[in-house]
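Residue strings, one per chain:
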Amino acid sequence: MSKTPSPSGSQAHAPRRGLAAFAIGLGGLLQLGGALAETTPRPDWSHADIPAQDGRIFLVTGGTSGMGYEDAKALAGAGAQVVIAARNPERGRDAIARIRQAHPNAEVRFEAVDLADLDSVRALGERLSASLPRLDGLINNAAIMAPPERTVSADGLEAQLATNYIGHFALTAQLLPLLRRSDAPRVVTLSSIAAARGRIDFDDLQAERAYDPYAQYAQSKLACLMFAFELQRRSDAAGWGIASFAAHPGVAVTELVRRGPGLDSAFGRDWARDREDYHSAADGAIPTLYAATAAEAQPGRYYGPTGDDEHRGPLGLARVPEAARDQDAAARLWEASERLAGVAFR
Ligand SMILES: NC(=O)c1ccc[n+]([C@@H]2O[C@H](COP(=O)([O-])OP(=O)(O)OC[C@H]3O[C@@H](n4cnc5c(N)ncnc54)[C@H](OP(=O)(O)O)[C@@H]3O)[C@@H](O)[C@H]2O)c1
């Protein structure tokens, strides 16, 4: 989520779309020195391009609103079996009813989980391991943003780090055996353009000394991005067979601001004033859906919109903040996360 207002007007996208299409034609599938070059996604890749997902099983965290709901709806519409995991069963029922209105045969169900409670995450992992034959896709999407006051999770961790990052770290570890039963498992973890302002404060990960709601959100989203890359490296090294992706939606109209800083905060008022400039949750879901389903998506990459300073527009490779390229920091964060979450990946 950005604090920077977006320039308005759809014409702002036109030159970038042209450039991106040119870049694909030129460099899309070049082999450089034997290694596979980065492949730029087709900039107009969209819902209609989702390949059939019949027989594939996905878990979407935070699928009761915003992008997670759009992910669940699109995946179910493409034939996948979808499990939505979030806190509120009533919102779960409502999401399922709306998905079934669009896709009457949708195979979708709700599982309650509070990502800010490691016992709840463990219990979800156990229920899914007992009820599913395998997991083909995990979408680590749920989040909260910038609650004005510092609050802590059931385990005493700062709430944004706990919900957005540590809960997903624990969930992914818990589900690794189930993912490994798939012949092509994918994990997509949601970051944000806010990650570019993030810093992993190893001396005060929980913001116990000083709490800045936006800095803490940015840290949690940088941690998600570093996790997505580190998961790919660890999977490659250990032979887990996981394809790990990061994605961000740009800026999309969802529940995140209303339920975080609030619409009557300074941030919320700016956001409400500029909301015409943001795109829909359905469009914000495209980078995630590409990572989760496209045959040509490349493991270890970060996808997002490329227009209006990455706020919306054509799909492409997202800019990776310098801090997310630091592999020593990523390894250190992984080890700290194993301790905080009380899990190990095996
Ligand atoms: N909107 C944007 O412009 C924007 C920009 C950059 C990145 N993102 C990222 O996009 C992702 C989706 O956000 P959104 O904008 O779609 O937000 P949203 O509409 O507020 O949806 C958030 C979802 O997370 C769930 N959730 C929140 N806390 C939870 C917890 N403790 N345990 C389980 N589920 C929890 C909520 O469900 P319940 O309340 O039912 O539990 C809800 O389904 C997030 O990762 C966010 O950081 C959004």
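For the structure, check the block above.
Figured I'd write up the structure that's included with this text. All figures in this text were calculated on a predicted structure; none of them were measured in a lab.

## What to know about the overall build of the protein chain
Link 1 in the chain: Tallying secondary structure elements over the protein chain gives eleven helices and ten strands in all.
Link 2 in the chain: By the burial criterion, 51% of the 346 residues in the protein chain qualify as buried.
Link 3 in the chain: Partitioning the intrachain contacts of the protein chain with sequence separation of at least 6 by distance along the chain shows that 74% fall at a separation of at least 24.

## Some remarks on the pairing of strand S10 (residues 312–317)
Link 1 in the chain: In terms of residue burial, S10 counts as a mostly covered element, since five of its six residues are buried.
Link 2 in the chain: Following strand S9 (residues 302–307), the chain reverses through four residues before pairing antiparallel with S10; Asp308 in that reversal takes a positive phi of roughly 45 degrees.

## Describing the sheet that holds strand S8 (residues 243–247)
Link 1 in the chain: Strand order across the open sheet formed by eight strands is S5-S4-S3-S6-S7-S8-S9-S10, with mixed pairing between neighbours. Each edge of the sheet is formed by a strand with only one pairing partner; in this case those strands are strand S5 (107–112) and S10. For this sheet, the mean inter-axis angle between neighbouring strands, taken without regard to orientation, is 20 degrees.
Link 2 in the chain: The sheet contact formed by strand S3 (residues 57–61) and strand S4 (residues 81–86) spans five bridges and is parallel. Note on S4: the bridge partner recorded for Val60 is Ile84.
Link 3 in the chain: The sheet strands contacting helix H6 (residues 213–238) are strand S7 (186–190), S8 and S9, and the helix crosses S8 at an angle near 165 degrees.

## A few points about the site of the ligand
Link 1 in the chain: As a structural note, the neighbourhood of the ligand is formed by 33 residues, with Gly62, Gly66, Arg87, Ala143 and Thr254 the closest of them.
Link 2 in the chain: Mapped onto the shell around the ligand, the elements with two or more residues apiece are helix H2 (66–77) and helix H7 (256–259).
Link 3 in the chain: No other element matches the three residues that H2 contributes to the shell around the ligand.
Link 4 in the chain: Of the residues in the shell around the ligand, the class split is 15 nonpolar, twelve polar and six charged.

## Considering the nonpolar core
Link 1 in the chain: Counting 102 residues, the largest nonpolar core has Ala72, Val82, Ile84 and Leu225 as the members making the most contacts within it.
Link 2 in the chain: If one sorts the elements of this core by residue count, helix H5 (residues 159–180) sits on top with 13 residues.
Link 3 in the chain: Those residues within four positions of Ala72 in sequence are excluded, and the remaining contacts are Val60, Gly63, Val82, Ile84, Ala95, Ile99 and Val108.

## Some thoughts on the pairing of strand S6 (residues 137–140)
Link 1 in the chain: A two-sided burial pattern is seen for S6, the buried positions comprising Gly137 and Ile139 on one face and Leu138 and Asn140 on the other.
Link 2 in the chain: Of the pairings in the sheet, the one linking S3 to S6 comprises three bridges and is parallel in character. Paired with Phe58 across the strands is Gly137, a residue of S6.
Link 3 in the chain: In the sheet, S6 pairs with S7 via four bridges, with the strands oriented parallel. Bridged to Gly137 within S7 is Arg186.
Link 4 in the chain: Regarding topology, H5 serves as the crossover connection from S6 to the parallel S7, and that connection is right-handed.

## Focus: helix H3 (residues 89–102)
Link 1 in the chain: For H3, with 14 residues, the first-to-last C-alpha span of 20 Å sits near the 20 Å given by 1.5 Å per residue.
Link 2 in the chain: Burial in H3 covers these residues: Gly92, Ala95, Ile96 and Ile99. Down the axis, H3 shows its buried residues gathered within 100 degrees of arc, on one side only. Facing away from the buried side of H3, by more than 90 degrees, are the exposed residues Glu90, Arg93, Ala97 and Gln101.

## Quick look at the environment of Gly63
Link 1 in the chain: Among the structural elements, Gly63 can be located in the loop between S3 and H2.
Link 2 in the chain: In this structure Gly63 comes out as buried when scored by C-beta crowding, with 33 C-beta atoms within 10 Å.
Link 3 in the chain: C-alpha of Gly63 to C-alpha of Phe110: the two residues are 47 residues apart in sequence and 8.8 Å apart in space.
Link 4 in the chain: The residues contacting Gly63, other than those within four sequence positions of it, are Gly68, Tyr69, Asp71, Ala72, Ile84, Ala85, Ala86 and Ala95.

Reading the values: the criteria
- Throughout this document, residue positions are counted from 1 along each chain, in the order its sequence is written.
- With pLDDT at 70 or above as the cut-off, local features in this predicted model cover only qualifying residues; side-chain atom pairs require 80 or more to be listed or tallied, and sums for whole chains, interfaces and linings still use all residues.
- Starting at the N terminus, helices and strands are each numbered in turn, a helix being any DSSP run of H or I of at least four residues and a strand any DSSP run of E of at least two.
- Burial is judged by counting other C-beta atoms within 10 Å of a residue's own C-beta: 20 or more means buried, 12 or fewer means exposed, and anything between counts as partly exposed, with every C-beta placed from the backbone.
- Placing C-beta atoms from the backbone, we regard two residues as in contact once those atoms come within 7 Å.
- At least two bridges found by DSSP between two strands is the condition for calling them paired.
- Interaxial angles span 0 to 180 degrees and are taken between N-to-C directions of axes, which are lines fitted to C-alpha atoms, for helices over the stretch in contact.
- To decide whether a residue is near a molecule or strand, its C-beta atom is placed from the backbone and checked for lying within 6 Å of it.
- Here the nonpolar group is Ala, Val, Leu, Ile, Met, Phe, Trp, Tyr, Cys and Pro; Asp, Glu, Lys and Arg are the charged ones; every other residue, Gly included, is treated as polar.
- As used here, a nonpolar core is made of buried Ala, Val, Leu, Ile, Met, Phe, Trp, Tyr and Cys residues. They are joined through C-beta atoms within 7 Å.
- Clockwise travel from the first strand over the helix to the second, with the strands pointing away from the viewer, marks a crossover as right-handed.
- A helix is expected to span 1.5 Å for every residue after the first.
- Comment: arc refers to directions from the helix axis out to C-beta atoms.

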